[in-house]
Amino acid sequence: MGDPPLAGPPGLPPAGALKGGAPGMMPPPGGAKGGAPGMMPPAGGMKGPGAPGGFPGLPFPPEPMSFKKLLRWALLLAKAAPLPFLGSVGLAALVNALTPYSQQVLVSLTSALEGKGGADPKWMALLYAILAVVVILLSMASKLVTTWSNEKMLVALRALLHDRMLLLGPIFHAKVSGPQLVQIVNNFSAGAQFTLREILAYPLTRGVGMVTAGFFLADNLAAFESIPPLIRIVLLGLVVVIPLIGWKLSGIVGRAFEQVRAEEAAFADELGNSTAQPVEVQLMRAHGQRSRSIAERLQSVMAAKLRATLRREAVQQFQGSMSTILTTVLLIYAAFSFEPNTPIGALLGLLLMVPLVVGPIQELVTFFTGLSVNWPMIRPVGEIIDAEPEIKDAPGARDLALAEPTAELSEITFGYPPAKAPVILNGVSHRFRAEAITAIVGGSGSGKSSIMRLLVRLYDPQGGKVLLGGQALDSYTLDSLRRQVVTLSQFPLMLSGSLRRNFELVKAEVTDDEIIAVLRRVGVWDALLRIRPEGPLEITVTQAAGTGTLSGGQRRLVALARALILAPRILLLDEPSTGVDVESTSRLVAVLRDLAREVTIIMVEHDVDFVTAVADEVVCIENGKFVSTGAPQALIAADDNLFARFVKARRRATSTDHLEIERVPLPAAAGSTKKG
Ligand SMILES: Nc1ncnc2c1ncn2[C@@H]1O[C@H](COP(=O)(O)OP(=O)(O)OP(=O)(O)O)[C@@H](O)[C@H]1O
């Protein structure tokens, strides 16, 4: 959210100015406010009829602001850059404290000199100039160190968020979309950093200034003596009551800002939809529709921001009215109680008290209400900081080497969390053959990929055990498990950059020779040489398939080679034949057969011909159960099982006569004109 930081209360004369009657002697402490609340303005609780939406994964209606959490997150952040933080806070505190004190020094000095027969204006001018220069230099240093400290903390916070985000499991990522995560790391973290820093810095940077102000205010309180007790009580009452009402009112503003955040999250998602595959959007001629959706979202963001700004302004005006109300009360008092010959200075003295009383209180109120307004932005940041990976190393897990590359499912029952329903796997058991190829076959949505996810502990089953090398899966650390059990997904992750960089992603110290060896082994090296003879490892790979130098099939073979660089003991392949041409498929069969002499391969595959050619064993899954198991040829011969059914269906697929097609008329083409 790009709302400007809240400045401190405007136009307050410096504390301590009243006694000497010399307000504004010092230049304004520029640096003193440098570290001031960079937050958005006031608001209060987050309860009540909440705005729709919110972060899908995070609680909504939003949690009320928690000072305990804010403090914990702030301490965590300060620990990331303790020196810059302490330096900036110390300097800001010095500037804040020096201003009122130095004025008091000047005032006292003047009085003393006057007592000895008058101050020498030359010395006064010199002293004033020296103090002014000191404050200016300190203010500039404070600004510089504060910026440094802010940047250091922001870098640390962003790195921490990125790190946590990657450690969180599929349950979290199913709830918070990629574009929303980008928004949290890019935008929210800056606001959160600033506010969290202020929470720790406030007692020093602002607190010191307020204490010194209070000190001189106490000194000046003698002026109150002329005011009757009732008026004093009324004045003090107003000073307490008005901020309290303002704090309550700020709840409305807080909710409005929660709505802004929700609208911005929705906008981030909408933008993510367009930027994920812009070429696809173009080919679908969906440009107009996408632009309209984006424009509508932006309108909603704008409307929410306007609403929030209006409410914030109203509450701020109310809080700002404190000094006007106090002044009015004092004027009314003066009108009725002052004698005609009361000197006008007495009235002025009274009125000058108002900003001194109101200023520090208003500053404190502004600080706390600013926290409430920023809470909707800080909360998602904090939730990621606090979020625990759903799957962690079990107590007693060790960095184990697989004794044997065997995998076994024993009475596995599983449904996806959090509901754990419907049941996807219902008490399934199977011992996968070591150093052989097993294909899991079943209809769409039958649970094939779920088995693969359980084998690498992306989820834990609700019942039964997964055993690897005869040991329970959770006796391995996740790191040692995933080093030995390597997955090749259907759409492997490719980073933008060179081919080499994509190998370094999984093995930082990989050598060119190692990369070339695995690329040769999967049979893609010659093709890469043809694409870029002078340096195949420098071939640029793009994130989106179909937009770079490599074809879809080549990308998959490169990804298989990359999986092999880790020398896995067990290889999990999700639809390995997808996108590989006929010639490369034969090559792939040969490569996998060759690999199976030393690696256990478990694959999910729809292409029954590929399965028949490559697999030693087929496991068929239907309705959450393993319904048949055996060598592919044996299953085809037995003819009474799901695999044989699939093979027959595949044969029949070339003849479509047996299929009944519902002939629903297609909608008229857009823009077509019917001829009568
Ligand atoms: N993260 C998830 N949360 C909830 N349900 C899920 C999740 N992932 C998959 N499912 C559901 O679990 C069932 C099995 O999914 P799975 O991906 O294992 O099927 P599959 O056999 O691999 O399907 P396909 O061949 O179409 O890829 C499906 O009904 C699917 O909707």
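Residues numbered from 1 in each chain as written. Predicted model: local features only at pLDDT ≥ 70, side-chain atom pairs only at ≥ 80, totals over all residues. Heavy atoms only, no water.

**Regarding the overall build of the chain**
Then, number 1: Within the chain, the secondary structure is distributed over 20 helices and twelve strands.
Then, number 2: Across the 676 residues in the chain, those meeting the buried criterion constitute 47%.
Then, number 3: Long-range contacts, defined here as pairs at least 24 residues apart, represent 78% of the contacts in the chain between residues at least 6 apart.
Then, number 4: Carbon together with sulfur atoms contributes 62% to the accessible area of the chain, which is approximately 33,400 Å² in total. (Helix = DSSP H or I, 4+ residues; strand = E, 2+ residues; numbered from the N terminus. Buried < 20%, exposed > 50% of the residue type's maximum accessible area, 1.4 Å probe, protein only. Contact = heavy atoms within 4.5 Å. Areas by Shrake-Rupley, 256 points an atom, 1.4 Å probe, with all protein chains shown as cover.)

**Things to note about the side chain of S480**
Then, number 1: Mapped onto the fold, S480 is located in helix α12 (residues 478–484).
Then, number 2: The exposure class of S480 is buried, given its relative accessible area of 0%.
Then, number 3: Engagement of the side chain of S480 in a polar contact is seen with the side chain of T477, the distance being 2.9 Å.
Then, number 4: If we skip the residues at most four places from it in the chain, S480 touches R398, D399 and L400. (Polar contact = N/O pair within 3.5 Å; in protein donor to acceptor, adjacent residues only side chain to side chain.)

**Comments concerning the packing of helix α16 (residues 552–564) against helix α17 (residues 582–595)**
Then, number 1: Running from N to C, α16 and α17 cross one another at 10 degrees; their axes reach a closest spacing of 12 Å. Classified by the angle between their axes, α16 and α17 sit roughly parallel to one another. For the pair α16 and α17, contact is made by L557, L560 and L564 and by S584, L588, V591, L592 and L595, respectively. (Axes fitted to C-alpha atoms, helices over the stretch in contact; angles between N-to-C directions. Parallel < 35°, antiparallel > 145°, perpendicular 65-115°, else oblique.)

**Re the site of the ligand**
Then, number 1: Neighbouring residues of the ligand: 13 residues in total, closest G445, G447, K448, S449 and S450.
Then, number 2: In this structure, an oxygen atom belonging to the ligand sits 2.8 Å away from a side-chain N or O atom of K448.
Then, number 3: Here an oxygen atom of the ligand and a side-chain polar atom of S449 are 2.6 Å apart.
Then, number 4: For the shell around the ligand, the class distribution of residues is three nonpolar, eight polar and two charged. (Near = heavy atom within 4 Å. Nonpolar A, V, L, I, M, F, W, Y, C, P; charged D, E, K, R; others polar.)

**Digging into the packing of aromatic side chains**
Then, number 1: A complete count under the given rule lists seven aromatic pairs for this structure.
Then, number 2: Plain terms: the ring middles of W73 and W375 are 5.9 Å apart, the flat faces sit at 15 degrees to each other, and that makes the pair stacked. On the criterion of sequence distance, the pair formed by W73 in helix α2 (residues 67–80) and W375 in helix α10 (residues 344–386) is long-range, its members being 302 residues apart.
Then, number 3: Between F414 and Y416, the ring centres sit 4.9 Å apart and the planes meet at 70 degrees, which makes this aromatic pair edge-to-face.
Then, number 4: On the basis of relative accessible area, F414 is assigned to the buried category, the value being 1%.
Then, number 5: Y416 gets classed as partly exposed once you look at its relative accessible area, which sits at 23%. (Phe/Tyr/Trp six-rings, centres within 6.5 Å; stacked < 30°, edge-to-face > 60°.)

**Thoughts on the confidence of the model for the chain**
In low-pLDDT regions, the fine details of the predicted coordinates are not to be read closely.
Then, number 1: On average, residues of the chain score 81 in pLDDT, and 82% of them are at 70 or above.
Then, number 2: Between the elements of the chain, mean pLDDT differs from a low of 32, seen in helix α1 (residues 17–20), to a high of 97, seen in strand β10 (residues 600–604).
Then, number 3: Low pLDDT, under 50, characterises residues 1–60; the predicted model gives this stretch 175 contacts beyond four residues in sequence or across chains. (pLDDT = per-residue confidence, 0-100.)

**Topic: the environment of D609**
Then, number 1: The residue D609 is located in helix α18 (residues 608–614) in this model.
Then, number 2: The class of D609 is partly exposed, set by a relative accessible area of 31%.
Then, number 3: Distance in space between the C-alpha atoms of D609 and V647 is 7.6 Å, their sequence separation being 38 residues.
Then, number 4: Aside from chain neighbours lying at most four places away, what touches D609 is R650 and R651.

**A few points about helix α20 (residues 642–652)**
Then, number 1: For α20, the full list of buried residues reads L642, F643, A644 and V647.
Then, number 2: The elements touched by buried residues of α20 are β3 (437–442), α18, β11 (617–622), β12 (625–630) and α19 (632–638).
Then, number 3: A side-chain oxygen of the first residue of α20 lies 3.1 Å from the backbone nitrogen of F643; this N-cap is N641.

**Some thoughts on the nonpolar core**
Then, number 1: Within the largest apolar cluster, 51 residues are counted, with the highest numbers of intra-cluster contacts made by F503, L519, L571, L592 and I601.
Then, number 2: Per-element accounting of this core gives the leading share, seven residues, to α16.
Then, number 3: Not counting the four nearest positions on each side in its chain, F503 is found in contact with V510, I515, V518, L519, V558, A561, R562 and I565.
Then, number 4: Ranked by size, the runner-up nonpolar core spans 35 residues in total, among them A78, L181, A201 and M377. (Core = buried A, V, L, I, M, F, W, Y, C linked by side-chain atoms within 4.5 Å.)

**Some thoughts on the sheet that holds β10**
Then, number 1: Ordered by their spatial adjacency, six strands build an open sheet running β6-β9-β10-β3-β11-β12, and the pairing between neighbours is mixed. For this open sheet the edge positions go to β6 (485–488) and β12, each flanked by a neighbour on one side alone. When strand polarity is set aside, the average angle formed by the axes of neighbouring strands in this sheet is 20 degrees.
Then, number 2: Across four bridges, the pairing between β3 and β10 is parallel. Its bridge partner being in β10, I437 is matched across the sheet by I601. (Pairing = 2+ DSSP bridges.)

**Looking at α10**
Then, number 1: For α10, which comprises 43 residues, the first-to-last C-alpha distance of 60 Å matches the rise-based estimate of 63 Å (1.5 Å per residue) to within 8%.
Then, number 2: In α10, a bend of some 55 degrees at W375 exceeds every other bend along the element, and P376, a proline, comes one to four places later.
Then, number 3: Of all 43 residues that make up α10, 31 are buried, and the element is covered over most of its length. (Expected span 1.5 Å × (residues − 1). Bend = angle between axes of the 7 residues up to and from the residue.)

**Here we look at the sheet that holds strand β1 (residues 407–414)**
Then, number 1: The strand order β2-β1-β4-β5 describes an open sheet built from four strands, whose pairing is antiparallel. Every interior strand has two partners, whereas the edge strands, β2 (425–432) and β5 (471–472), have only one.
Then, number 2: Across five bridges, β1 lies against strand β4 (residues 463–468) in antiparallel orientation. Among the inter-strand pairings, A407 is bridged to a residue of β4, identified as L468.
Then, number 3: Packing against the sheet, helix α11 (residues 448–455) makes contact with β1, β2 and β4, and its axis sits at approximately 115 degrees to β1.

**Remarks on the packing of helix α7 (residues 229–276) against α10**
Then, number 1: Where α7 contacts α10, the axes come no closer than 9 Å and their chain directions differ by 20 degrees. When the axis of α7 is compared with that of α10, the two are roughly parallel. In the packing of α7 onto α10, the handedness of the crossing is right-handed. On α10, the residues that touch V239, P243, W247, S250, V253, G254, F257, E258 and R261 of α7 are V357, I361, V365, F368, T369, S372, V373, P376, M377, R379 and P380.
Then, number 2: Split by residue class, the contact of α7 with α10 holds 13 nonpolar, four polar and three charged. (Left-handed = near helix turned anticlockwise from the far one by under 90°.)

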